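# Overview (structure and organization)
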Amino acid sequence: MSSHHSSPLAALFGLLPVLLLAAAGAAQAAPDVLPLVPLPAEVTRGEGGLHLAAGAVVAVPAGDRGARRAAEFLAAMAWRDRGLRLRLREGARGDIVLSRNLGEADATDGAYRLAVAPAGASLQARSDAGLFYAGVSLWQLLSADGARGDVTLPAVQIADRPRFAWRGLLLDVVRHFVPVDEVKALIDQMALHKLNVLHLHLSDDQGWRLEIKRYPALTRIGAWRTPPGGQPARYGGFYTQAQMRELVAYAAARHVTLVPELDMPGHAQAVVAAYPEVGVDIGNGPGRNPRPAVSVDWGVNPYLYNAEESTLRFVEQVMDEVMAVFPSTFIHVGGDEAIKDQWKASPRVQARIRELGLANEEALQSWFIGRVGRYLEQHGRRLIGWDEILEGGLPAGASVMSWRGTEGAVAAANLGHDVVLAPAGSLYFDNLQSPHGDEPEGRLAQLPIDKVYAFDPTPVGLDAGRVKHVLGLEAALWTEYMPSRRHREHAIFPRIAALSEVAWSPAAARDWAGFLPRLALQRARYLRQGVNAADSAFAVRFEIDGGPAAMLAAGRAPVRLSSQVGYGEIRYTLDGSDPTPAAPSLVARPGEPLEVKLPARLRATAFDAAGHPLAAVRERRFDVPTQLARNSSELRACPNGEMGLRVPLRPEATDWAPVFNVNLFDACWIYPKARLDGVQAIRVEAGRLARNYGLAHDAVKVVQYPASTRDGELEVRQDDCAGPLLVRLPLPPGSVPTALTLTSALPPVAGTHDLCLKFTAPIRGPLYAIDVARLLLTVPSTR
């Protein structure tokens, strides 16, 4: 989508408002903590420091364009983040001097040496990337405290080099389109974390995002979809080739390579929507298959490319334009989740398998990928694909990106193929970061930052002689549940800091306890930059000993306060005021809970050693109505199921709430340990959601409960889902996504019981989910 955008220096490096700087605060490290992420390979502390004032000189070798670019970037960052103006000049004398004096021992691309002493700072590297990264480390030293103006840098000597050559991040721009300026801002952040590969997922069932001039319908038709419920009426966008070339150049100036991905032979519905002739003839005759719409369903859809020579030529012509835009060595061709139903059902595809002398559909995919790989190789490029390309035989010269765990990477590397590690359980940033109820939508398989930090890119089972085939690792941000920049930043930051340290720092140097104070500084830096970095790692959690039912019975209960990483000192108030560094703390009673009496309004946050908050204040109210309510995060999945997703009310909604934890296969929830004494009614705040999920062969697993009416009901049962029926709440007719409130009286029940809440709506209609279930002590008026 062509769009006007402001200059990156104006948009990205302009001065942030003073109010933003004040609000973000300035986390301060202990004197022995260097504010560097990722951690350098070798660090030696010195005595004293270097004072830099406005007008300090940055000297670069005469005629060295790479050194000048690194110096210009350093100066731009110093001005943006500190208001400190540095002057550039050619020569060998200055307050900060860049030079090319590294020896053979530092030949790794990106290696550098940084020395800071009272007399000045020296940045040395053989490569342009090394000088750039030396400047990044110097910027981190001068910007850590959040102050403005003059700065004194600590004396230090650093010898640094990257552990892996591929230090990547995948950005899915298909499921939700990402504007050019936001991509540039992400590239800047990657460079500041010494990451160097941005993998752009440009095609999928839900859209095609790159202009291909020979095939204009790819963007005229394939770039747009109509979301469920028609809100908005049309969604999409694409990058012109001029825009993408601009992004490629912008990234290259920051030593980031853009690697394009066009998914094939599966995830092809948007392509087939634009050019049905490249799709599969499933028996209607050539050119007589219905043209599908661009998909609105997340997940796995059935559309595949066919295997005709004309289709392979189509792919080659598309690749010609892709290679003209992207100079990257690698071109990613997907290869994942290509369910073969259409190929199996197509007489023509079956004939093609016989013509080629292939054994089956898996072998046909291997042949297809191999053909594309050979074409790329003829043009000096290398093919990389997801680990499914191992099935049916791995084409010669192909590289593998392993997402279904690490087994694919091990198998491919042991066969002599280069690999990149991107396992979903450790590096998929669309997984939620914590169980907090205020997390936005995403996958409920949690990926806390400590799990990212603990990932080992050289997995067990890899032959010692094959470690050289591990190019590196890559985190992935799939954007089905990332509809806005705010959502995407929340998912990426601060986990990108852990990713960078795993990708760059020596394995032996990594230290979780040492990372935490640097992470706190890094998150404060994000906030000063206006980045919506999540505070999930530091946010306070409240846990009632015995649960809400026990608190209701006794009128009081012990409440435990904790955070995910256990860093900082938690302080709290019970009068509804914001906690300060002087507020009460449990530090003198480690492990002991706080005794809370009904009613109370408990607010808490963690502070660093300098008294700066590490997270937003979290609040928990303790009164009868709140103890009788369970939100979506507090409800449990019914037996034999699990809540897999947290989804918004509408697929394209950019609101932070409401969000709903759902099990796509079973519309059933458990309200645990409900104290029913005196309860007279139930109110359920629910959502009617789009059922826009491609479940492929798993669709048969969706449970249909018997209904008493055409549109179904919400059943409430006592103890378990086969227990006594307490009430049926009829669902209103309709299919458009909307919020619903369902209220009904309940029969009197004594004691504490689980409640089973399940929807009996037809499974071919909308999906229903629960935001909050409230038990009421009085029956609401119907007037």
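What comes next is a walk through the structure. Predicted model, so just to flag it, every value in this text is computed and none were measured. (Residues numbered from 1 in each chain as written. Predicted model: local features only at pLDDT ≥ 70, side-chain atom pairs only at ≥ 80, totals over all residues. Heavy atoms only, no water.)

### Section: the sheet that holds strand S17 (residues 382-386)
To keep things clear, this is the line we draw: Pairs of strands are assigned from DSSP output, requiring at least two bridges between the strands. Working definition: helices are DSSP H or I runs of at least four residues, strands are E runs of at least two. Numbering for both runs from the N terminus. Note on method: axes are straight lines fitted to C-alpha atoms, helices fitted across the in-contact stretch only, with angles between N-to-C directions ranging 0 to 180 degrees. Residue contacts are defined here by distance: any two heavy atoms, one from each residue, within 4.5 Å place the two residues in contact.
The 8 strands lie next to each other as S8-S9-S14-S16-S17-S18-S19-S21, forming a closed barrel whose pairing is parallel. Between one strand axis and the next, the sheet turns by 30° as a mean value, whatever way the strands run. Pairing geometry for strand S9 (residues 197-201) and strand S14 (residues 257-264), over 5 bridges, is parallel. Paired with His199 across the strands is Val259, a residue of S14. Packed on one face of the sheet, helix H17 (residues 495-504) meets strand S8 (166-172) and strand S21 (470-477) and runs near 175° to S21.

### Observations regarding the pairing of strand S30 (residues 645-648)
We count it as follows: For every residue, the accessible area (1.4 Å probe, protein chains only) is compared with the maximum for its type, and the residue is labelled buried under 20%, exposed over 50%, or partly exposed between those bounds.
Where burial is concerned, the two faces of S30 agree: the one with Leu645 and Val647 and the one with Arg646 and Pro648 are both buried. Bridging between strand S20 (residues 442-443) and S30 involves 2 bridges; their strand directions are antiparallel. In the sheet register, Gly442 faces S30, and the bridge partner there is Arg646. Both S30 and strand S31 (residues 659-662) contribute to a ladder of 4 bridges, which runs antiparallel. Bridge assignment links Arg646 to a residue of S31, and that residue is Asn661.

### Observations regarding the side chain of Ser500
For Ser500, the position within the fold is in helix H17. For Ser500, a relative accessible area of 0% puts it in the buried group. Discounting chain neighbours no more than four positions away, the residues touching Ser500 are Val37, Pro38, His193, Leu195 and Ser505.

### Quick word on the environment of Trp403
Tracing the backbone through its elements, the reader meets Trp403 in the loop between strand S18 (399-402) and helix H13 (407-414). Along the primary structure Trp403 and Ala422 are separated by 19 residues, whereas in three dimensions their C-alpha atoms are 4.9 Å apart. Those residues in contact with Trp403 that sit more than four places away from it in its chain are Asp336, Glu337, Trp386, Asp387, Glu388, Ala422, Pro423, Ala424 and Tyr428.

### Focus on the packing of aromatic side chains
How two aromatic rings sit relative to each other is set out by the distance from centre to centre and by the angle between their planes. Where we set the bar: Stacked, edge-to-face and tilted are the three classes for Phe, Tyr and Trp ring pairs, Trp counted by its six-membered ring, which pair at centre distances within 6.5 Å; planes under 30 degrees apart are stacked, over 60 edge-to-face, the rest tilted.
Scanning the entire structure with this criterion turns up 19 aromatic pairs. Following the ring pairs from residue to residue traces out a cluster consisting of Phe73, Phe132, Tyr133 and Trp504.

### Remarks on the pattern of salt bridges
Here is the rule: The working definition used for a salt bridge is a side-chain nitrogen of Lys or Arg within 4 Å of a carboxyl oxygen of Asp or Glu.
Applying the stated criterion across every chain, the model contains 45 salt bridges. The partner of Arg82 in a salt bridge is Asp145, with the nearest N and O atoms 2.7 Å apart. Here Arg82, found in helix H3 (residues 65-82), pairs with Asp145, found in the loop between helix H4 (128-143) and strand S7 (151-160); they are 63 residues apart in sequence, far enough to count as distant. Residue Asp145 is classed as partly exposed on the basis of its relative accessible area of 31%. When the shortest N-O distance is used, the salt bridge between Arg717 and Glu715 registers 3.0 Å. Since its relative accessible area comes to 16%, Arg717 is described here as buried.

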